[in-house]
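# Summary of the model geometry
Each chain, letter by letter, is given below.
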Amino acid sequence: MKFAVVNFPGSNCDMDLYYAIRDGIKEEVELVDYRETSLDGFDGVLIPGGFSYGDYLRSGAIAVHAPVVKEIVRFANEGKIVLGICNGFQILTELGLLPGALIRNEKSRFICETVTLKVINDKTAFTNCYQENEEIRIPIAHGEGRYYCDDKTLAELKANDQIIFKYDRNVNGSVDQIAGVTNKQKNVLGMMPHPERAIEDILGSDDGLKLFQSIINYQVRVNN
Amino acid sequence: MTEPTAKQIKDEKNYQQWGLTDSEYDLISQKILKRLPNYTETGLYSVMWSEHCSYKNSKKVLRKMPNKSSRVIAGPGEDAGILDIGDDQAVVFKAESHNHPSAVEPYQGAATGVGGIIRDIFSMGAQPIALLNSLKFGPLKDGKTKHLVDEVVAGIGGYGNCIGLPTVGGEVSFEDCYENNPLVNAMCVGLLNKTAFKHGTASGDKNLIVYVGAKTGRDGIHGATFASDEFTDTKNKQRSAVQVGNPFIEKLLMDACVEIIEKHPEWVLGIQDMGAAGLVSSTAEMASKAGSGLVLNLDNVPQRETEMNAYEMMLSESQERMVLCIKPEYKDDVLDFFKDYELDAVVIGQVTTDKQYKIYHQGELVTDIPVDSLTEDVPEYDRPEVEPQRMIDDRDYKFVPEIDSLEETWNNLLKQPNIASKKHFYQTYDSQVKANTLVKPGSDAGVIRIRGTKKAIAMTNDSNSKYVYLNPYVGGQIAVMEAARNIVAAGGEPIGVTDCLNYGNPENPEVYWELDKSVEGISSACEKIDTPVISGNVSLYNEYNDVAIYPSPMIGMVGLIDDIDKVTTSAFKEAGDLIYVVGETADDFNGSELQMQQTGSIKGDLRPLDLTEEKLHQDLIRMAIGQKLIQSCHDLSEGGLAVALSESAFDNSLGFDIKTKLTSAQMFSETQSRFLVSIKESDKDEFEKLIKTDFECLGYVTQEHIFKVTTADETVLMDGKKAANNWKEAISCLMK
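Residues numbered from 1 in each chain as written. Chains lettered and ligands numbered in written order. Predicted model: local features only at pLDDT ≥ 70, side-chain atom pairs only at ≥ 80, totals over all residues. Heavy atoms only, no water.

### What about the packing of aromatic side chains?
Put simply, the rule is: Pairing of aromatic rings covers Phe, Tyr and the six-membered ring of Trp, with a centre-to-centre limit of 6.5 Å; geometry is then stacked below 30 degrees between planes, edge-to-face above 60, and tilted otherwise. In DSSP terms, a helix is any run of H or I states spanning at least four residues, a strand is any run of E spanning at least two, and both are numbered starting from the N terminus. When accessible area is computed with a 1.4 Å probe and restricted to protein chains, residues below 20% of their type maximum are described as buried, those above 50% as exposed, and intermediate ones as partly exposed. We call a charge positioned above a ring when the Lys NZ or Arg CZ atom is no farther than 6 Å from the ring centre and deviates by at most 35 degrees from the ring normal.
Per the stated rule, a full pass over the model turns up 27 aromatic pairs over all chains. Between Tyr34 of chain A and Tyr53 of chain A the ring centres are 6.4 Å apart and the planes differ by 90°, which places this aromatic pair in the edge-to-face class. Of the two residues, Tyr34 of chain A is situated in the loop between β2 (28-33) and β3 (44-47) and Tyr53 of chain A in the loop between β3 and α2 (69-77); the sequence distance between them amounts to 19 residues. For the pair Tyr34 of chain A and Tyr53 of chain A, a shared accessibility class is recorded, and that class is buried. Relative to Phe165 of chain A, the ring of Tyr130 of chain A has its centre 6.3 Å away and its plane inclined at 85°; by these criteria the two rings are edge-to-face. Taken together, the residues span a long stretch of sequence, with Tyr130 of chain A in the loop between β6 (111-119) and β7 (135-142) and Phe165 of chain A in strand β9 (residues 163-167) at a distance of 35 residues. The rings of Trp410, Phe572, Phe650, Phe656, Phe668, Phe707 and Trp727 of chain B are connected pair by pair, giving a single aromatic cluster. Positioned above the aromatic ring of Phe75 of chain A, the side-chain terminus of Lys80 of chain A is 4.7 Å from the ring centre.

What follows is the structure in structure tokens.
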């Protein structure tokens, strides 16, 4: 499987994701410049964390106008794998590919720590290697990671099993302690925690590895 | 604004307000130029001859520092120092102070401190890999100080998080003397492929000078002069001297500079960042170091404000700007390369052979002076020095603590802001970006692995200005050795030092004595453990209403871990492990946190530090770690054994059961040269055979989160959870 890691000006977790794919699950991966107009040849697209365009205006708000974004939207609509982490999640909600929005943390400070997540839905392209309710340790690092949506959207997310990860406690003020959601079709995942920082035991956790392995599992099944 | 004429500057002594003295001005006009310098020229001299740029007051003292070892590739004089770590790789590091700007505009002051030190690293051709910081404030009792702390911490995080470099270590402390003059020191560490090393020089006739990065505005004009002056009630609001940072631009600039040097080394002959004293400092230093001259045309400088004059453009400290020296044949390649990163890049000048520094603005020659006169002809001052009266008065004073309740004293000490957990602050720094952080903030040293190798780099920032205040010489030694113990405890070999020397007004003989003696102390310790001082900076005039801060040298130390299997942390690992203290404990209470807690101030002399014993203990611990005998290792510092035991227990919510020959008071003694270690019981014989020297087996780690302690005086059972809460919550409570 061949992944594209889209690099916007100000992305800063691009190499972390690149190494997670190359060294963690040993699959093909390329960095793709934000000015590219085609993602032909790739099977999945990964949008890394960071501060695209300095997070000026609003996190992710400027990135959505980059040329490569049309291709991300095409991937999403064609049912291909799209994963946005941290700033990538913010870009996906900004694009409307995922419901809700990410706003300033409840206590309005940036938080970096390794937190416990609960796997809510283990039947997706991103979580099939985990067990339902499995607790995993994944780092977070964000100032605007508080997931917000209205009651109607929350009811829909629940009804469609779109809530994929939840924090085990109130970390940043997110609605329903949501850490990651998919679209209805479940081929687009956005999450604030950084699985790409949890792929080696020596870094404190390798619980993120299964997320990337899940994608490979899923793709193998689709291809067969 | 009409510029004053050269004659007006002389007659009205305008140069004085820019920081030049009468004798310095006379030297320039009578000996160097043999004419009166015009407005722009006077401005150039005033910033280049400021203490911040010229070290005119501290040079004599700085020469005492060792800067050689078998690893040194570059030392003081470059943007940052470089140490060989084998396999054609090197580490590059430097620390810098941003004290004055942070006092006036804390968020931007701190942020641009981080931005500036990062540029010093990538201007050497290195990829920055980690950040650290050392912060000192007044006590957390009023809203003003809390605001200052909040904003400084936010500024550091705001810049480092956005640019995407992990902040892996640091320290925060609180003393009265920093209330109106906080210290903000930032350090950056980078990794260099030895072949990529670029000097900050401008050589070769007709080679081009290229300006890259953010546009020039009026911010930060006279920042270097401002940094070389003291604060008073009436003189503390020089906002125009403070710069504004843009980490997004710096990220582009960093990536572009690292890439151009890595992929196209032949395009770039020299590179330097525009830091203090901006365009003049960077270009004049590049030319002077190469023995060249320069012609600059300011009309080409990208500007974000209108009608800036030459003086303003040359002295602006706008951030995120670099200067490159390139060969003319690569001009288009270089400019196109930066354009691809959407960065401004323009040719602003040319190298010449006449050693003159010439500046044109709007067709007019506004500066024509010998380039070396800016960098080399600064008078060097040999200031009078005298031992501070307090040292003579308090020489024989010995603080003898009285402990009514071991448990109460212990718990109270854990709540002291200087001892309590700093997680409230470091949690706001991204410590894991780049996915190389093996040891995050909260242990003795931060550790970053070098991807693709077995190696890792340990790094720490350390200072205990209370000790330096009581005895500058011994305090200087302690600062170095405590940093070294942090590196050793993390599994590393100390290999080099950078420093920020923060002091009061050097024209005060007592302050100068403190500077001189503490540098001698630092030097002797660095020589003992072969850690050359390869970079650093000096920040003098840290005073408010004529009261100086404590002499506050900050030591940034880097260590090499040759195998990541050796990486060790301070946290106890398993119940049943044996606990040892290595090193003899004596009654060292002068300058201790206990003295501060019980008397509200510090007083008395320090015992001399036995450097040979200190080194022996460090070597033994390193050997024990090398032989995989150590489960956890923690340096003993503020709060002594009691605090070290607690901190080691907190991380994994473990407890301990110990019995010691020490008195209850000695549990808080701050004797140097000690480590707290835990080992597997099965390694007992081998460990004791190796250590041989002074050690005491205290007891063992327990599963219950309970501290059971028997001293020579009493036995206490402490609730570990309560102790942990005291330690963890103290800062958050105070910051509310």
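Once you've had a look at it, read on.
### Some thoughts on the nonpolar core
Definition in use: Grouping buried Ala, Val, Leu, Ile, Met, Phe, Trp, Tyr and Cys residues that are joined through side-chain atoms within 4.5 Å yields what is termed a nonpolar core. Two residues qualify as a contact provided that any one of their heavy atoms is within 4.5 Å of a heavy atom in the partner residue.
In terms of nonpolar packing, the biggest core is built from 141 residues, with Phe8, Ile72 and Phe165 of chain A together with Phe338 of chain B touching the most fellow members. Examining the composition of this core, we find that 10 residues originate from one element, helix α10 (residues 247-263) of chain B, more than from any other. Those residues within four positions of Ile72 of chain A in sequence are excluded, and the remaining contacts are Val6, Phe8, Leu39, Val45, Ile47, Val82, Leu92 and Leu97 of chain A. Grouped together as the second largest cluster of nonpolar side chains are 48 residues, Tyr178, Ala458, Leu515 and Ala525 of chain B included.

### Some remarks on the pairing of strand β4 (residues 127-137) of chain B
Residues and elements named next belong to chain B. Heads up, the condition is: Pairing between two strands requires that DSSP report at least two bridges joining them. Seen with its strands pointing away from the viewer, a crossover is right-handed when the path leading from the first strand over the helix to the second is clockwise.
Counted residue by residue, β4 has 10 buried out of 11 residues, so it is predominantly covered. Looking at chain direction, β4 and strand β6 (residues 183-193) are connected through nine bridges and run antiparallel. The residue of β6 that forms the bridge with Asn133 is Ala186. Where β4 meets strand β5 (residues 167-174), seven bridges bridge the pair, whose relative direction is parallel. Each bridged residue has a counterpart across the sheet, and for Phe137 the counterpart in β5 is Phe174. Taken together, β4, helix α8 (residues 143-163) and β5 constitute a β-α-β crossover, and its handedness is right-handed.

### Here's the deal with the interface of chain A and chain B
Think of interface size as the accessible area that goes away when the parts come together; that is how it is often given. Selection criterion: Buried area counts how much accessible surface, traced with a 1.4 Å probe, disappears from two parts once they are put together, with both parts' losses summed. Throughout this description, the term salt bridge denotes a Lys or Arg side-chain nitrogen within 4 Å of a carboxyl oxygen of Asp or Glu. The term polar contact refers here to a pair of N or O atoms within 3.5 Å; inside protein, the definition further demands a hydrogen-donor-capable atom paired with an acceptor-capable atom, and it admits residues adjacent in sequence only when both atoms are side-chain atoms.
Listed per partner, the contact involves 27 residues of chain A and 30 residues of chain B. Summing the contributions of chain A and of chain B, the shared interface buries around 2300 Å²; its carbon and sulfur component is 50%. Contact with chain B buries surface across chain A, with Arg109, Cys112 and Leu203 of chain A losing the most and accounting together for 24% of the total. Between chain A and chain B we count four salt bridges in total. In this structure, Glu200 of chain A and Arg449 of chain B form a salt bridge, with 2.7 Å as the shortest nitrogen-oxygen distance. Taken together, the connections running from chain A to chain B amount to 11 residue pairs in polar contact (both at pLDDT 80 or more).

### Focus: the pairing of strand β10 (residues 321-326) of chain B
Residues and elements named next belong to chain B. Among the six residues of β10, six are classified as buried, and the element is accordingly described as predominantly covered. Summarising the sheet, strand β7 (residues 208-213) and β10 pair through six bridges and their orientation is antiparallel. Paired with Val212 across the bridge in β10 is Met322. By the bridge criterion, five bridges tie strand β8 (residues 268-273) to β10 in an arrangement that is antiparallel.

### A short note on the environment of Leu343 of chain B
All names here are of chain B. Looking at the secondary structure, you find Leu343 in the loop between α13 (331-340) and β11 (345-352). On the accessibility criterion, Leu343 (8% relative accessible area) is buried. As for Leu343 and Asn486, which are separated by 143 residues in sequence, their C-alpha atoms are 40 Å apart.

### Considerations on the domain arrangement of chain B
In plain terms, the rule: Residue ranges for the domains trace back to a domain assignment, done automatically or taken from a database.
When cut into domains, chain B gives domain 1 (68-197 + 423-552), domain 2 (199-378) and domain 3 (388-420 + 568-736). Distance from the C-alpha centre of domain 2 of chain B to the C-alpha centre of domain 3 of chain B: 50 Å.

### Thoughts on the environment of Val119 of chain A
All names here are of chain A. The topology assignment puts Val119 in strand β6. Overall, the relative accessible area of 0% leaves Val119 in the buried class. Note: C-alpha distance between Val119 and Arg197 (78 residues apart in sequence) is 17 Å. Each residue touching Val119, except ones within four places of it in the same chain, is listed here: Thr127, Tyr130, Gln131, Glu132, Asn133, Glu134, Ile136, Ile164 and Phe165.

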